[in-house]
Amino acid sequence: MNTALRLCMALMFALLCSLGWAQTTSTVNGAVDLDANQRAWISAHKDRVLSVGFDPEAGLDSFEFQGRRIGLLPALLDDMQTQLGLRLLLAEVKNWDDAYGRFLAGKIDLLYGANPTPEREKVMRFTQAAQKYPYVVFARKDSLVQTLGDLDGKTVGFLANDFVIERLPAEFPNVQVRVASFEDQREGLKALVAGDVDGFVTAGGGVEYEFLNDFPGLILIAEIKTITSDMTFAVAKDRAILAQIIDQYLDHRRLIIQNFARDARRNYNRKVLRLSEAELGWLAKSGEAVVGVAEDYLPFDYFDKGEYKGIAGATLDRIGELIGIRFKVVSGSFAKMLERAQAGDVHVLNLAKTEERQQHFLFPRAISTERDIIVGLKSSPPVQDVYGLDGRRVAVIDGFWHEEYLRKNLKNPAIVKTADIMASLRLLRAGKVDYVIENPTVLEFYINGLGYTDLVKRGNTSKDSFIYFGVSRQQPELASILDKVIPLIQFEEMKYLGMQTVPTLRNEANLQLTQLLAALAVVLLLILALTLRTVRKLAVQKAKTQFLHEREHLLYTDSLTGFHNRNYFSQKVDTVIGADFPQAVVVADMNNLKRVNDSHGHAAGDALIKAFADAARAQWPQADHYRIGGDEFLFILPDCAEGKVLLELDALRQRCQQARFEVAPEVWVSPSAALGYALRGSAQSSLQACIAEADARMYAAKAGMKKRSTDE
């Protein structure tokens, strides 16, 4: 590249940078588009200080940290003064009611965080929201209230005059509660701890983490994404022009405001977690850690194009978002990563906690508290902890902690080392080992993905086999920060997010079935050729047609439910979906399947799956039915509009409740599932997009419930 071309490119780059800078630092004379009246209003009020009322308990919007008040709202007011020339200052207020009352009395100029309601809009003018925070629901850990639906008929606390008191029954008409009003959130949470109310509903915005930290006896049972606290600016009705000016600012600075919110959330979390001076100093001075990603540990660890994916990767991403740590990712074999971590070149590594490793690593609290399970063939006898493995051949991945543990606890260990989990499972199916020990999420991923339906859980382990991030002892501040932030993260959410980023396994069972069918086809063709020579063309054609139909049935039909399977959905769904629009796309994820399997065996689990399928078929005989995975279903309902689909979902739930059957003497179960839906108005609407929307609603519904088992 010649010098002239380099100079030209440098000038173009400088021009683009200057344009970007101008856009992010624009003033009232720049990109913020104000008309003459708006500029005149600002000029007339340039010497006046406008007071802003707010909720002092509103979390990341405004809080005291390291001796000064910071947060999203102070950052917004400073930026508005720079961009617009308006002098905006926080008012001194005691609580939300104080701010609200003084605003109505004309003693405060603007009110931040009021949600528009018909009554308020009679006297106020609202801007668009700078941020939106979902409402959250608290309950006691030791209570029977574990989902939003459990609050039906119960006494629930709210902030006085909070608009959610009216919105909650409108959004969830089947949840009717008795309202108890409180002047501030902590008063309501104290009443919840004391048992005076059964739940407490309030806006999120990060403050929920502070409350969970301050009230350890409480849990967060739901995040209501359909009801949000909109952080608007409200002004008196006769100051509409001020609202217009702020709206113009919010439109223009949207990306900058997102950065303000990110920084405010991180600082607020640092305050909530009560980080020490040493920890804050580490974040300020370094704030960066090297993470090692081991190969072949799906779905927790997956390295792809320089990024840490999988469940552990999603967890570290969330930690980075919450607290502001930057993670640099390196990858290699587990042995290599362990060696580099022991040398201090790698700071964080996903590994099991053992006595030997504690000499080199600090272990913050676990990101998953699942204990390892013992897996064998369906014909394998049950095992009581690892002590039942004495003399049995057990596959152990080379370098994993299981070898050390078995040798310490068994008199006669028969360990067979393997390269990875897939090699272990193949040896188990081939009868060359008797059992495999591994994390249940890992085993679920491989057994379901590979189609190894002949492998089942045969026992539990009592060892602390949780999933940890080991941190180099040279980074004590990093370890203590992780220990504080990990409780803010929900494992089930990270499991869902991480599963979306790892590759899908090739179903070996289906591949073997296909090969068997191909071999049968050859045999059938030879027999037909030899025995029906005189009518060869007609007979061959007829046999081929019959064969293809049988093959298609085997490939595309789920044998347990009779529904279409994942193969059918992947290969044929676009060609067979009818044209009876609108269509409702319903996604279902069964509850309690793992619990039934573990407690009563897989025959009972199969019966539970079939009971749910029978109920869905009876409810929607005209629908297209698909069993996408072990406990995952998809239904496409023709000619079903918005109002009808909600009734249909309720009808299915009721039908499932009536489908009770006995899995053991005096033990009855009914099928149930988390449900999500989306509407498809025409063939031009993307089916995949509708499925994604329905899946998101299903996940939101499931995330609002307390997990009953890892299969839910």
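Procedures and definitions
Residues numbered from 1 in each chain as written. Predicted model: local features only at pLDDT ≥ 70, side-chain atom pairs only at ≥ 80, totals over all residues. Heavy atoms only, no water. Helix = DSSP H or I, 4+ residues; strand = E, 2+ residues; numbered from the N terminus. Buried < 20%, exposed > 50% of the residue type's maximum accessible area, 1.4 Å probe, protein only. Contact = heavy atoms within 4.5 Å. Pairing = 2+ DSSP bridges. Axes fitted to C-alpha atoms, helices over the stretch in contact; angles between N-to-C directions.

### With respect to the environment of Leu652
Thinking step 1. For Leu652, the location among the structural elements is in helix α23 (residues 642-658).
Thinking step 2. Residue classification places Leu652 among the buried positions, given a relative accessible area of 1%.
Thinking step 3. Along the primary structure Leu652 and Thr501 are separated by 151 residues, whereas in three dimensions their C-alpha atoms are 32 Å apart.
Thinking step 4. Not counting the four nearest positions on each side in its chain, Leu652 is found in contact with Phe612, Ala615, Ala616, Gln619, Trp620 and Leu675.

### Thoughts on the sheet that holds strand β7 (residues 132-140)
Thinking step 1. Strand order in the open sheet made by the five strands is β9-β8-β10-β7-β11, with mixed pairing throughout. Only two strands of the sheet have a single partner each, and these edge strands are β9 (178-182) and β11 (218-230). For this sheet, the mean inter-axis angle between neighbouring strands, taken without regard to orientation, is 25 degrees.
Thinking step 2. The sheet contact formed by strand β8 (residues 155-159) and β9 spans five bridges and is parallel. Across the sheet, residue Thr155 finds its bridge partner in β9, namely Arg178.

### Concerning the pairing of strand β28 (residues 632-637)
Looking along a regular strand, one sees side chains alternate from face to face of the sheet.
Thinking step 1. In terms of burial, β28 is a largely internal element, five of the six residues being buried.
Thinking step 2. As paired elements, strand β26 (residues 583-590) and β28 share six bridges and run antiparallel to each other. Counterpart to Ala588 in the pairing with β28 is Phe633.
Thinking step 3. For strand β27 (residues 624-627) and β28, the ladder comprises four bridges, and the chain directions are antiparallel. Residue pairing in the sheet places Asp624 in a bridge with Ile636 of β28.
Thinking step 4. Hairpin geometry of β27 and β28 is characterised by an intervening segment of four residues between the two adjacent antiparallel strands.

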